[in-house]
Structure formats: structure tokens, C-alpha cells
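Residues per chain are reported as follows:
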Amino acid sequence: MHEMSLTESLIEIVAETARREGFDRVAVVRLEIGALSHVSPEAMEFCFSAVAGGTVADGAELDILRIPAKAWCLDCAREVPIAERYDPCPHCGGHQLQPTSGEELKLKELEVA
Ligand SMILES: [Zn+2]
């Protein structure tokens, strides 16, 4: 389960931000997870409560914003929604798609307690 190591990295970033900005308690950790990022939000939540114990994020809420996947279709010359990376274009059925969003995995913001 790679969410465990991702969560450990996330907590490190949170702890480092807390040190840098001088706070010692985090209430909410807001994360963006794209539909194409191969990260399970449920697994991330599970790992978070396990990893956050004893850190600045102990007891913090993990708020996950799910970013839907979109791609640019070269044939339609417009952005289209997709469910999976290699899905065909929902309009023309073409495969000339370049993902434009959905690959995010980033710390969006922290709310301080
Ligand atoms: Zn298309």
C-alpha cells in the first residue's frame, strides 16, 4: 500500500511547514487527490490517522478534495472529462487525449488549531 509512504511524506511536509511558520497544532489538512493519481482517498484517510499520532497533525481532520480527470482531445480541440487515463474521448471516441488534470496529489492548505 503506497498510501502509507505518501502519508508519511505528507506528515513530514506538514511538520516542516508548522516549524517554519511557528505553529504547533494543525486542525485540518486539506489535500487534493486527482482521479488519475492512483492514490486511494480512503486508504490515505486510514493511513493518516495512524501516522499523524504524536505529530503536529495528531487528531487533525484530513479533508480530501477529489479532482476529476480531464483531458485535451486533439481531434475535438477541447477539454473533455475522462474516468481513466486511457479512456477514449467521450465525444469523438478518439484516443488522441492528453490529460490536463486529475494527476494532482498535493497539500492544498493547513488550518491551524
Ligand atoms: Zn474528441
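Residues numbered from 1 in each chain as written. Predicted model: local features only at pLDDT ≥ 70, side-chain atom pairs only at ≥ 80, totals over all residues. Heavy atoms only, no water.

K.L.:
For the overall build of the protein chain, give the residues involved together with the corresponding values.
P.N.:
Counting its regular elements, the protein chain contains 2 helices and 6 strands. In the protein chain, the succession of α and β elements from N to C terminus is α-β-α-β-β-β-β-β. Here the protein chain has a C-alpha radius of gyration of 17 Å; the compact-globule value for 113 residues is 13 Å, and the former is much larger. Dimensions of the protein chain, computed from the C-alpha atoms along their principal axes, are close to 50 × 30 × 15 Å. Counting every position in the protein chain, which comprises 113 residues, the buried fraction comes to 39%. Considering only intrachain contacts with a sequence separation of at least 6, the fraction spanning at least 24 residues in the protein chain is 70%. Here the protein chain displays about 6600 Å² of accessible surface, and carbon together with sulfur accounts for 50% of that area. On the protein chain, the mean spot of the 10 positive side-chain charges and the mean spot of the 20 negative ones are 4 Å from each other. (Helix = DSSP H or I, 4+ residues; strand = E, 2+ residues; numbered from the N terminus. Rg over C-alpha atoms; globule rule 2.2 N^0.38 Å. Buried < 20%, exposed > 50% of the residue type's maximum accessible area, 1.4 Å probe, protein only. Contact = heavy atoms within 4.5 Å. Areas by Shrake-Rupley, 256 points an atom, 1.4 Å probe, with all protein chains shown as cover. Lys, Arg positive; Asp, Glu negative; His and termini not counted. Charge placed at Lys NZ, Arg CZ, Asp CG, Glu CD.)

K.L.:
Kindly report on the sheet that holds strand β5 (residues 97-101), identifying the contributing residues and their values.
P.N.:
Spatial ordering of the open sheet is given by β4-β3-β5, a layout of 3 strands whose pairing is antiparallel. If you trace the sheet from one side to the other, it starts and ends with β4 (78-81) and β5, each paired once. Direction aside, the axes of adjacent strands within the sheet are offset by 40° on average. Taken together, the 4 bridges between strand β3 (residues 70-73) and β5 define a ladder with antiparallel strand orientation. Counterpart to Lys70 in the pairing with β5 is Ser101. (Pairing = 2+ DSSP bridges. Axes fitted to C-alpha atoms, helices over the stretch in contact; angles between N-to-C directions.)

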